[in-house]
Amino acid sequence: MMVRSYDEQELKQRFFDFEENYKIIMNNIGEAAVKSGRAPEEIQLLAATKTVPHELIRYATEHGIRLIGENKAQELIAKYPYYQLPKEQIHFIGHLQTNKVQSIIGKVGMIQSVDSLKLAAEISKRSVAQNLSTDILIEVNVGYEESKSGTSPEQLSNLIYQIAALPGISIQGLMTIPPISEDFDQTRKFFSNIYAMSVDIRDKNIDNVNMDILSMGMSGDYCQAILEGSNMVRIGSLLFGKRIYQSN
Ligand SMILES: *Cc1c(COP(=O)(O)O)cnc(C)c1O
């Protein structure tokens, strides 16, 4: 099991903490939005739910959360019957192997972590077979980190042109996870680079490509991300508490 179960007492505490955390985060999102010249509603909050038990996810979606994101196909499938959400509200945000694509197509409204033509081609093929179109974001490895997925900034434009030509798949924007840094100025620079790339691509007016979504910012840097143009922040630990990984 990847998801540890909680006893009743612990769940109650987590419910309570969630509500407090959610209020604070929404407030901070609103302030950062206004500072960046936008309305608070223009920023979407996605709850990153890896390792979070379905009872707590359910509580969160009944108390304000409208978007959730899972990282692992297997975990998504296991928790899927409990979400009670339309697929538009369920995103896939983790590294996706091509052999797992089939298991999630039609179950998620968006795959945020597409970083290769091979993966996009598989999503395209499986979507066409089900007679549907899958929305995706292109993940960019803005810090050129070997440990991270994502296409390099240099390859981004080419990759987008190639994917745009595929049927059954539709690019809606970019996603990124910048290098971990204590230095907020450095982090903001990464975010502003990605913002500039999204503007660049939008200006190319490529058929079948939207740049409506810029998914960047997590628990430690979501305010900086919004200040640099993010309109979707993915927050896990700050909403749900420290992740507890269960050993197999
Ligand atoms: C876990 C995760 C997050 C959330 O991370 P926190 O630091 O817990 O907010 C966001 N995006 C992705 C892709 C993740 O895997």
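Here the structure is shown first, and the text comes after it.
The residue numbering used here restarts from 1 in each chain and proceeds along that chain's sequence as written. The model is predicted, so local features are restricted to residues of pLDDT at least 70 and side-chain atom pairs to those at 80 or more, both for listing and for counting; the totals for chains, interfaces and linings are taken over all residues. Note that water and hydrogens are dropped before the side-chain values are worked out from all heavy atoms of the structure.

## Focus on the overall build of the protein chain
Point 1. Only runs of H or I of at least four residues qualify as helices and only runs of E of at least two qualify as strands under DSSP, and these elements are numbered from the N terminus. When you go through the protein chain residue by residue, the secondary structure sums to nine helices and eight strands.
Point 2. For the radius of gyration, the atom set is restricted to C-alpha positions; the globular benchmark scales as 2.2 Å times the number of residues to the power 0.38. A compact globule built from 248 residues would reach a C-alpha radius of gyration of about 18 Å, and the protein chain, at 18 Å, matches this within 12%.
Point 3. Overall, the C-alpha framework of the protein chain stretches about 55 × 45 × 30 Å when taken along its three principal axes.
Point 4. Per-residue accessibility, obtained with a 1.4 Å probe over protein chains only, is compared with the maximum for each type, and a residue is labelled buried under 20%, exposed over 50%, and partly exposed between these values. The burial tally for the protein chain puts 48% of its 248 residues in the buried class.
Point 5. Note on contacts: a residue pair qualifies if any of its non-hydrogen atoms lie within 4.5 Å across the two residues. The long-range fraction of contacts in the protein chain, counting pairs at least 24 apart against all pairs at least 6 apart in sequence, stands at 61%.
Point 6. Using a 1.4 Å probe, the Shrake-Rupley method yields the accessible areas, and only the shown protein chains count as cover for residues. Total accessible area on the protein chain is roughly 12300 Å²; 48% of this is exposed by carbon and sulfur atoms.
Point 7. The positive charge centre, built from 25 side chains, and the negative charge centre, built from 30, are 5 Å apart in the protein chain. Asp and Glu are treated as the negative residues and Lys and Arg as the positive ones, with His and the ends of the chain left uncounted. Lysine's charge is taken at NZ, arginine's at CZ, aspartate's at CG and glutamate's at CD.

## Regarding the nonpolar core
Point 1. Residues grouped as a nonpolar core are buried Ala, Val, Leu, Ile, Met, Phe, Trp, Tyr and Cys residues, joined through side-chain atoms within 4.5 Å. In terms of nonpolar packing, the biggest core is built from 64 residues, with Ile 111, Ile 138, Ile 160 and Leu 174 touching the most fellow members.
Point 2. Those residues in contact with Ile 138, other than ones at most four positions away along the chain, are Gln 112, Val 114, Thr 151, Leu 156, Leu 159, Ile 160, Ile 163, Ile 171, Gly 173, Leu 174 and Met 175.
Point 3. With nine residues, the next largest nonpolar core counts Ile 93, Met 110, Ile 213 and Met 232 among its residues.

## Considerations on the site of the ligand
Point 1. Each residue is tested against the molecule or strand, and it is near if at least one of its non-hydrogen atoms lies within 4 Å. Contacts to the ligand come from Ala 48, Lys 50, Asn 71, Ile 93, Ile 177, Met 218, Ser 219, Arg 234, Ile 235, Gly 236, Ser 237 and Arg 243.
Point 2. For the purposes of these results, a polar contact is taken to be a pair of N or O atoms within 3.5 Å, where, inside protein, one atom must be able to donate a hydrogen and its partner to accept one; residues adjacent in sequence count only when each atom of the pair is a side-chain atom. Between an oxygen atom of the ligand and a main-chain N or O atom of Ser 237, the distance comes to 2.8 Å.
Point 3. Burial of the ligand by the protein chains amounts to 90% of its free accessible area of 390 Å².
Point 4. All residues other than Ala, Val, Leu, Ile, Met, Phe, Trp, Tyr, Cys, Pro, Asp, Glu, Lys and Arg, Gly among them, are scored as polar; the first ten of these are nonpolar and the last four charged. Across the shell around the ligand, the residue classes tally to five nonpolar, four polar and three charged.

## Some details on the pattern of salt bridges
Point 1. Think of a salt bridge as a Lys or Arg side-chain nitrogen and an Asp or Glu carboxyl oxygen that are within 4 Å of each other. A full pass over the atoms with the stated rule returns seven salt bridges.
Point 2. The residue Glu 62 makes a salt bridge to Arg 58 at a minimum N-O spacing of 3.3 Å. Taken together, the residues span about one helical turn, with Glu 62 and Arg 58 both in helix α2 (residues 54-62) at a distance of four residues.
Point 3. Overall, Arg 58 belongs to the partly exposed group, its relative accessible area being 33%.
Point 4. One salt bridge connects Lys 148 with Glu 145, and the closest N-O pair in it is separated by 2.8 Å.

## Looking at the pairing of strand β5 (residues 134-140)
Point 1. Burial runs high along β5: six of the seven residues are buried.
Point 2. Only strands that DSSP links by at least two bridges are regarded as paired with each other. Pairing of strand β4 (residues 110-114) with β5, which is carried by three bridges, proceeds in the parallel orientation. Across the sheet, Val 114 pairs through a bridge with Ile 138, a residue of β5.
Point 3. By convention, orient the strands away from the viewer: a clockwise path from the first strand over the helix to the second makes the crossover right-handed. Note on the crossover from β4 through helix α5 (residues 117-129) to β5: the handedness is right-handed.

## Topic: the packing of aromatic side chains
Two descriptors summarise a pair of aromatic rings, namely the distance from one centre to the other and the angle between the planes of the rings.
Point 1. Planes of paired rings set the category: under 30 degrees apart is stacked, over 60 is edge-to-face and the rest tilted, where pairs are Phe, Tyr or Trp rings (Trp by its six-membered ring) whose centres lie within 6.5 Å. In the structure shown here, the tally under the stated rule is five aromatic pairs.
Point 2. Their ring planes at 15 degrees and their centres at 6.0 Å tell us that Phe 18 and Phe 240 sit as a pair that is stacked. Linking Phe 18 in helix α1 (residues 8-35) with Phe 240 in helix α9 (residues 237-240), this pair joins segments that are 222 residues apart in sequence.
Point 3. Here the aromatic rings of Tyr 80 and Tyr 83 are separated by 6.0 Å at their centres, their planes lie at 80 degrees, and the arrangement is edge-to-face. Of this pair, Tyr 80 and Tyr 83 both sit in helix α3 (residues 73-83), separated by three residues, roughly a single helical turn.
Point 4. Cluster of aromatic residues (ring-pair linked, three or more members): Phe 15, Phe 18, Tyr 22, Tyr 59 and Phe 240.

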